[in-house]
Each structure stands twice: as structure tokens, then as C-alpha cells.
Amino acid sequence: MSTDNKDNMNDNTNKALDRAITVIGVLAIVLLAGALGASYVPSVPFVAIQAARYAGFACIAFFVIGSAVQNKDFLADLAKNRTTQNGTKSLITTLAILVIIGVLNWFGTRVHQRVDLTANQQFSLSEQSKKIAKGLKQELKLTAFIRGGDPQGRQLKDLMAEYGYQTDKLKLELIDPDREPGKVKLFFQSHPSASQRFNVLIIDNGTKLTEAQGVGEQDVTAAILKATQTQEMNVYFLQGHGEADMEGFQQDGLGQAKQALEKQNYKVQKLSLFETKNQVPEDASVLIVAGPQKPLMPQELSALDAYVKRGGKLYAMLAAGTDSGLEGLLSKYGITAQKDLVVDPRANLFGDAAAPVIQTYPNHAITQGLRPTIYPAARSLELAEKAPTGVTLTSLVESSDVSFGKRNLKDRSAEFNPSVDKKGPLKLAVAAILDASASSKPTRLLAVGNAQFAGNGFYSGAGNGDFFLNGVNWLAEQDNLVSIPPKTNEPKTLFLTGQQQSTIFLATVAGAPAAMLLAGGFVWWRRRRS
Amino acid sequence: MGKIWAIAGREMRSYFVSPLAYVVGALFLLVSGYLFSLILFGSREASMRGLFENLSVVFLLITPALTMRLLAEERARGTVELLLTAPVRDRDIVIGKYLAVCLYLLFLLALTLIYPAILAWVGKPDWMPILSGYLGIFLLGASFMAVGLMASSWTSNQVIAAISTFAISLIIWLLPASSSVVGQQFGSVLEYLSVLSHQQNLGRGIIDTTDLVFYGSFIVICLFLSIRSVEVYRWR
């Protein structure tokens, strides 16, 4: 505080001032703590909290200035101390150290490493979201209307923080409609097309608005993609030959697959070549033929042939036990579909030998990090010894060593017959890259010896859905959409008995503090004795 | 280094021979045990994330009481002259005192190890986030302690030291709340300066070098300013 003679001169005034400053300091704390506490109580109007906050800051300012005036001798000494040389030097070093630490922290926010220690990487974005965030070129403004204290708001904030570590192109603003009605009004005045709902993330890319359907990572990533994509991607499902129903939600239907495609920003449509006079639409990004049960007409096959030649992407799913005519088209590119049924007596689904489960995959973008996949009633594909010129074939899915291709489909047994059946491993899915040639443009093909794998019955349980989506994304050359690693949130919920609850409560609230006091008492008693 | 430990040792002894360490320890256990039980019964989750977030409030409240006397008392009693004329550097005094109070912080945190033990008894906690959470709460507590030491170096009045500690800590705590008022650019700086937001990452199991750099810098600045302030006192 002040020097001794000063204290003697203005002792009483000083003491009164000291007391006033202390009171104001306490008042500041009460106001700010009150504002902090009240912000968790929804019924307190925002204006009152804001007022308390500002009053608190004013008191703090008064406290700081008052203390400075009271300690002015000390501060004056700080500014012009006896050893002036020493003081200037000290001021310079102080400033230098502050600047160095400031710069260090500035770098720290830009160049940093992050480790997620949770058992299942709970707080890490999927590789897919990271790739998309890192690839962002334009700035996006994200707005969400979320009520204070809503857990969804917290989830969204956590999520946006993770995106924030990947890119600085995303600007998030959370608006609490109860606290900031003015901001809400302003937003909807400038964005009249936005839907006025809570917990919806609205993304503004400068020209149009995109809305995420939820606050989960999937929804947000899909919406970010949608907001940055300029051209529309069309997926067509061929119809008219007993293909799997793309809208159905029965076991074999593709309803889930269609919804997943739409979430990834694809426009999904049916295609009947009869109606389009055997022309695949020009705007088709991917054409899916999902396990036709009846053969395609020769005109239809030549339409598909022409489609592939002009650079169209074809996803051919071939059902076992049928002859659709696609086999001929594929054989031109070195893929021969076998007339067999893949049986795996060991790795299969619940003992059904005709539903092989594949757990490891050859290295390819489509199958990277993929969970096990199931192929019920599949036929195998064989690759030509030497692929036709300009064609690169990659096997994606292969059955185990003990599996075999059953050729006599009338025989219901799961026994390997060496004279008839083909021994595994067998290829179940093949990706083909076609280079440009005199008669055709470069393109990509995907053939799977099964259609049921993408059906609702198997879509979400295993890795089947990811395999299907990754395939479409690879065909559409949307490679940044590929690779969705699984993330299982194992429940950590505890079930405590009443006995356990009371034991825990007693031990933590009474037992532990009492033990501490006893230890203190013991030390005090020993010291008094000695 | 020997001198620093000597000062830290003297300080630690003065905590543990008086009832102070035990009374504060017992009250700390009472409050945190109550919070632990309530959070556990409410969330029914074998994690300590909720407790760590609430413990930061507890530290905000008890730090002024633990640090107010560190240097202010020496100054008021005049014993600081003894210290200053002894063949130790100002740096040794400040770091030694800080070390002592950090060791006491570790002692408090060691007492709370009964909570993870209880979690292991009733469930299967995810250990790594608990470990990083302890690191986070220690760094947060150590930052508050550094503020307290700094405030204690300014004055011989312990009440002023305590209230200054509380005021500074609370303002730093509340900085993000005012970030929306001052605009995006400056607001993100304010958000960065909050000791609390850096603890949140560690509390949920994410170790980010940004947070470690922040706490390290924060503590270093406070200690540096404390040393300067002791030096200035010596010149007078």
C-alpha cells in the first residue's frame, strides 16, 4: 500500500476509501455472479441479465481505478523507480515477453495437434466430414435457432468446434429466439425463404439457403455439401424387369438406399427405357440396375451399351439364378458372371451358408475402413486372365478360402462337390475403370453378383449401406464422399441399486470429509502434545 | 532449484501443521462429493465430465482463500524483508510459493481419486478422458492459483488480494459472454482468453496443444508479473 508517513496523514480518509473500494469489489462479484446464475434460469428477462452484467463491469472498473488511486505511490514507483535504467530495461523485457507469448499463442491456435482419447473417438469427425471441411473453398454462414439450455444447441456447438479445427470457412451463429427476438426478425427479413423452425441449421452460401435436417454430423455434413455443390447429380434406377423396388420398405426394397442417396444430395429417379424410347437420359450421373429378374430386351441392352460408350456410369447388380442379359455387356469388359451360388460354410450369417459374410477387403477407395458386409444369395464374378485393353479391373469383395461356387442349384445341400463346384475365394464385386478409346469415352463400372445386399433387410445393420453408397459415390466421381467409418456409441449407462446409491452418497458426502477432519485433528493433537 | 524447494517446503509445512489444509480439504471433499453424487445419480453415466465442469466453479471460489496470504502476509508482517535480504532471488521466492500452492492443489485432486474408484466399482468408465480431465482441472486450478499469487504480490492487504483474485478470475471466466457484444474478430480473441473453454476440451477427453499452450502462457505471464512486482517492492 502507501508509504508510512502518508498513512499517518490521511489515515481515516484512506481507511474509508479502502472500505468503499472493497464494498464495490464485492458488489461487482455479486452482480456478475448473479448475472451468470440468472442466465441459466429461463424466466429471467435477458435485459435484466444484461443490465446486471454491465453494472458489474462498471463496478469492476471503479474497483480497479479506485485501487489504483489508493496505491498511486506504488504505481508511481513502478513508472519512475529509483534505478531508472533498471526500470526502463525491466519495462522493455516485460513488453517483450508479453509480445513473445502473444505470438506463441497466435501460432498455437493455427498450428496444433489434437488427440481424441475417448474409447470410440466420440468427438472426432468422420474422415468424410474432415475431407469435405478441408476442401471448402467458399465461406459459408451457418445460422441456427436454438433455445438456451437446449442440449441440441450444445451438440451443434461441439460439432461446429470440430469443423472449426478443419476449416475457417464456416461461420456459425447460434440465435436464442427467446433472448434475441430482434435478431430472429432481422434474419427472416433478409432471408424470407427460410423455414421458421427451431433446431434447424440454415446454411447461406451467398446465393441460396440450404437447411440441414438435424444437428447430427451426418445431417450437417450433407447440408454443407449441398450448399457448396453447384451441379445436380442424378441417379436413375432401371425399371421394368422385376428389379428391386426403389421406394419399397420391405425386406428386399431399396427405400433406405434411396433415402441415403437423397441425403447425399443425389436426385433419385426411376428410368423406364420403354418410355424414353431406349435412351438413357443425358443428365444421368449413375444408372443402377438392381437385380433384374427378367431378361432385358435387345434394344434396351444396346441402349445401355451406348450409354457406357458415351461415358455413362453403370452400377450392375446381378441376381443369382437369373439371366438378365447384362452378363453379355459385362463380359466385353472382362467380367464374367458365373451361374452359381456362393456358399460359405464358415463365415456366414446365422448359419445360412448361402449368405456369406465378408470381413476383409482388397485395398480400394470403396472398401476402405468398411465394416463386414453380407451378400445373401450371391453369384460370383470371374475376371478375364488378361483384361481387355484400356480396362482396369479391381476385385472389391472376395469370399473366404473355404467358400465355393455351387453350380448345381437344384441340390439344396451345402456340401462342396469338387467335380462340379468352383473352389473359393470367389469375387463378389468388381470395379472397372475404362480408359478412352476410339469407340468410347472414359468411364467407370461397378458389378456386384448380388442385389439383395442393398435391400432394407441388410442396409443398416452391417457395412452394406456404406458399401452401396461408397460405390455410387465412386461411380459419380464424388470421391470426397467415400469412406464413412462406423461410429458406435456404446451405452455407458449405469444401473445403481438403492443400496449402492446410499453407500456412494454417504461415503462421498460424509465419510471422506469426516476422515479428512479426523486426520487434521490427529495432527493438531500430536503437535499440542509435543 | 534447491532454494525453490526450500521455500516450497516451508510453505507446505505451514499448510499441514495448521488445521487449514485439513479444513479446506474436508470442505472441498464435502462440496465435490455432493456434486459427484448428484451428477452421478442424475446422469447415470460412468464419466467425470460433469464433475470436472462443476469443480472449476469450486476452484474459482476457494482459490482466493488459498492464495491471498502467499505474499501479502509476508509484506504485512514485514517478513518479506527477511526473505528479500536472504540470498535468494525474487524468482525463487515466487516460484517456490507457487510450487507449494500447486502441490496443495494436487493434494486436493488426489483426495478426489475416490470418485473414479467408485465409478470403477459400479461401472466401466472410459479411463483416458478421466485422465485428461484431471489434467484439465489441474491446469485450470493452477491458472487460478497463478492469478491469486499475482494479486497477492500487489498488496499487503489480504482482503484486497482475495477480492482482486476473485474479480480477475471471474472476468476471465465471463469473457466469452461478452464476445457477442464486441464483434466477431475481437470476440474470438475474448473467447480464446477464457480459462474455462480450454478446460472443456480436456474434460471430454480431447487433448489439444492449443489448450496446453494457453494454460502454459497464462501461468507464465502471471508468475512473471508477480516476480516483477516483488522486484519493484525491493527497489522501494
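Residues numbered from 1 in each chain as written. Chains lettered and ligands numbered in written order. Predicted model: local features only at pLDDT ≥ 70, side-chain atom pairs only at ≥ 80, totals over all residues. Heavy atoms only, no water.

Draft legend 1. How the structure looks around the overall build of chain B. Helix and strand counts for chain B stand at 12 helices and one strand. In sequence order, the secondary structure elements of chain B are arranged as α-α-α-α-α-α-α-α-α-α-α-β-α. The burial tally for chain B puts 60% of its 236 residues in the buried class. Considering only residue pairs separated by 6 or more positions, chain B has 77% of its internal contacts joining residues 24 or more positions apart. For chain B, the accessible surface area stands at approximately 8800 Å², while carbon and sulfur atoms represent 70% of it. (Helix = DSSP H or I, 4+ residues; strand = E, 2+ residues; numbered from the N terminus. Buried < 20%, exposed > 50% of the residue type's maximum accessible area, 1.4 Å probe, protein only. Contact = heavy atoms within 4.5 Å. Areas by Shrake-Rupley, 256 points an atom, 1.4 Å probe, with all protein chains shown as cover.)

Draft legend 2. Examining the interface of chain B and chain A more closely. Counting residues at the interface gives 67 residues for chain B, matched by 65 residues for chain A. Roughly 6200 Å² of surface becomes buried between chain B and chain A when both sides are summed, with 69% attributable to carbon and sulfur atoms. Where chain B packs against chain A, one counts one salt bridge. A salt bridge links Glu162(A) to Arg204(B); the shortest N-O distance between them is 3.5 Å. (Buried area = accessible area lost by both parts, 1.4 Å probe. Salt bridge = Lys/Arg side-chain N within 4 Å of Asp/Glu carboxyl O.)

Draft legend 3. Seen up close, the confidence of the model for chain A. Residue and element names in this part refer to chain A. The pLDDT averaged across chain A works out to 80; a share of 86% of its residues lies at or above 70. Taken as a whole, residues 81–85 scores under 50 in pLDDT and shows five contacts with residues more than four places along the chain or in a different chain. This model gives residues 482–491 a pLDDT under 50, and the stretch forms 30 contacts once residues within four places in sequence are excluded. (pLDDT = per-residue confidence, 0-100.)

Draft legend 4. Structural detail: helix 11 (residues 298–309) of chain A. Residue and element names in this part refer to chain A. Between its first and last C-alpha, helix 11 extends 16 Å over 12 residues, near the 16 Å set by a 1.5 Å rise per residue. For helix 11, every residue scored as buried is listed here: Glu300, Leu301, Ala303, Leu304, Asp305, Tyr307 and Val308. Two residues or fewer past helix 11, glycine 311 is found with a positive phi of approximately 100°. (Expected span 1.5 Å × (residues − 1).)

Draft legend 5. Structural detail: the packing of helix 4 (residues 69–77) of chain B against helix 6 (residues 90–111) of chain B. Residues and elements named next belong to chain B. Close contact between helix 4 and helix 6 brings their axes to 10 Å; oriented N to C, the two are set at 130°. Between helix 4 and helix 6, the crossing angle belongs to the class labelled oblique. On helix 6, the residues that touch Leu70, Leu71 and Glu74 of helix 4 are Ile93, Lys97 and Val101. Split into classes, the residues belonging to the contact of helix 4 with helix 6 amount to four nonpolar, no polar and two charged. (Axes fitted to C-alpha atoms, helices over the stretch in contact; angles between N-to-C directions. Parallel < 35°, antiparallel > 145°, perpendicular 65-115°, else oblique. Nonpolar A, V, L, I, M, F, W, Y, C, P; charged D, E, K, R; others polar.)

Draft legend 6. Representation of the nonpolar core. With 85 residues, the main nonpolar core has Phe59(B) and Tyr98(B) as its most contacted residues. When residues in this core are grouped by element, the largest group, 12 residues, is from helix 8 (residues 127–154) of chain B. The contacts of Phe59(B), once residues within four sequence positions are left out, are Phe28(B), Leu105(B), Leu108(B), Leu109(B), Ile137(B), Gly141(B) and Phe144(B). Counting residues in hydrophobic clusters, the runner-up holds 42 residues, among them Met233(A), Val286(A), Tyr315(A) and Leu446(A). (Core = buried A, V, L, I, M, F, W, Y, C linked by side-chain atoms within 4.5 Å.)

Draft legend 7. Focus on the side chain of Asp208(B). Looking at the secondary structure, you find Asp208(B) in strand 1 (residues 206–208). Within the structure, Asp208(B) has its side chain in polar contact with the backbone nitrogen of Thr210(B) (distance 2.9 Å). (Polar contact = N/O pair within 3.5 Å; in protein donor to acceptor, adjacent residues only side chain to side chain.)

Draft legend 8. Representation of unusual backbone geometry. Residues and elements named next belong to chain A. Unusually for a residue other than glycine, lysine 277 sits at a positive phi of about 55°. Checked against the element boundaries, lysine 277 lands in the loop between strand 7 (266–271) and strand 8 (284–290). In this structure, alanine 377 takes a positive phi of about 55° despite not being glycine. Relative to the helices and strands, alanine 377 is located in the loop between strand 14 (373–374) and strand 15 (381–383). The exposure class assigned to alanine 377 is partly exposed, which follows from its relative accessible area of 30%.

Draft legend 9. The arrangement of the pairing of strand 13 (residues 352–358) of chain A in detail. Residue and element names in this part refer to chain A. Along strand 13, five of the seven residues are buried, which leaves the element largely enclosed by surrounding structure. Sheet topology places strand 12 (residues 348–349) next to strand 13; two bridges connect them, and they run antiparallel. Across the sheet, the residue bridging to asparagine 348 is proline 356, located in strand 13. Across two bridges, the pairing between strand 13 and strand 14 is antiparallel. By the bridge assignment, valine 357 is partnered in strand 14 with isoleucine 374. (Pairing = 2+ DSSP bridges.)

Draft legend 10. Layout of the pairing of strand 6 (residues 233–238) of chain A. Residues and elements named next belong to chain A. Of all the six residues making up strand 6, six are buried; the element is thus mostly covered by neighbouring parts of the structure. Here strand 6 shows no split at all, with Met233, Val235 and Phe237 on one side and Asn234, Tyr236 and Leu238 on the other all buried. Looking at chain direction, strand 6 and strand 8 are connected through four bridges and run parallel. Counted as the bridge partner of tyrosine 236 is leucine 287 from strand 8.

Draft legend 11. Quick look at a nonpolar patch on the surface. Together, Leu517(A), Val23(B), Leu27(B), Leu30(B) and Val31(B) make up an exposed nonpolar region whose accessible area comes to about 400 Å². Top contributing element to the nonpolar patch by residue count: helix 2 (residues 20–43) of chain B, with four residues. Relative to the elements of secondary structure, Leu517(A) occurs in helix 15 (residues 498–529). Overall, Leu517(A) belongs to the partly exposed group, its relative accessible area being 47%. (Patch = residues over 30% accessible without salt bridge, like charges linked within 9 Å, V, L, I, M, F, W, Y side chains within 5 Å.)

Draft legend 12. Looking closely at the confidence of the model for chain B. Residue and element names in this part refer to chain B. The predicted model of chain B averages 84 in pLDDT, with 93% of residues at 70 or higher. Per-residue pLDDT, averaged within each element of chain B, yields its smallest value for helix 5 (residues 79–85) (68) and its largest for helix 8 (91). With pTM at 0.54, the complex prediction returns an ipTM value of 0.83.

Draft legend 13. Geometry of the packing of aromatic side chains. Residue and element names in this part refer to chain B. Counted according to the given criterion, the structure contains 23 aromatic pairs over all chains. Seen in terms of ring centroids, tyrosine 15 and tyrosine 104 are 5.2 Å apart; in terms of plane orientation they differ by 40°. Their pairing is tilted. With tyrosine 15 in helix 1 (residues 2–17) and tyrosine 104 in helix 6, the pair connects residues that are 89 residues apart, well separated along the chain. In this structure tyrosine 15 comes out as buried when scored by relative accessible area, which is 1%. Ring pairs connect the aromatic residues Tyr15, Phe16, Tyr22, Tyr104 and Phe107, which therefore count as one cluster. (Phe/Tyr/Trp six-rings, centres within 6.5 Å; stacked < 30°, edge-to-face > 60°.)

Draft legend 14. Expanded view of the sheet that holds strand 3 (residues 170–175) of chain A. Residues and elements named next belong to chain A. Ordered by their spatial adjacency, four strands build an open sheet running 3-2-4-5, and the pairing between neighbours is mixed. Strand pairing shows two members of the sheet lacking a second neighbour, strand 3 and strand 5 (209–211), which therefore form its edges. Pairs of neighbouring strands in the sheet enclose a mean axial angle of 20°, with direction left out of account. As defined by bridge partners, strand 2 (residues 140–145) adjoins strand 3 across six bridges and the pair is classed as parallel.

Draft legend 15. Highlighting the environment of Pro87(B). Relative to the helices and strands, Pro87(B) is located in the loop between helix 5 and helix 6. On a C-alpha basis, the gap between Pro87(B) and Lys3(B) in space is 9.2 Å, while along the polypeptide they are 84 residues apart.

Draft legend 16. Molecular detail of the sheet that holds strand 13 of chain A. One open sheet accounts for three strands, arranged 12-13-14 (chain A); its pairing is antiparallel. Each having just a single partner strand, strand 12 and strand 14 of chain A make up the two edges of the open sheet.

Draft legend 17. Broad picture of the side chain of Ser217(B). Positionally, Ser217(B) belongs in helix 12 (residues 209–235). In terms of polar contacts, Ser217(B) uses its side chain to reach the side chain of Asn105(A), at 2.7 Å. Once you skip the residues sitting within four places of it in the chain, Ser217(B) turns out to touch Ile101(A), Leu104(A) and Asn105(A).

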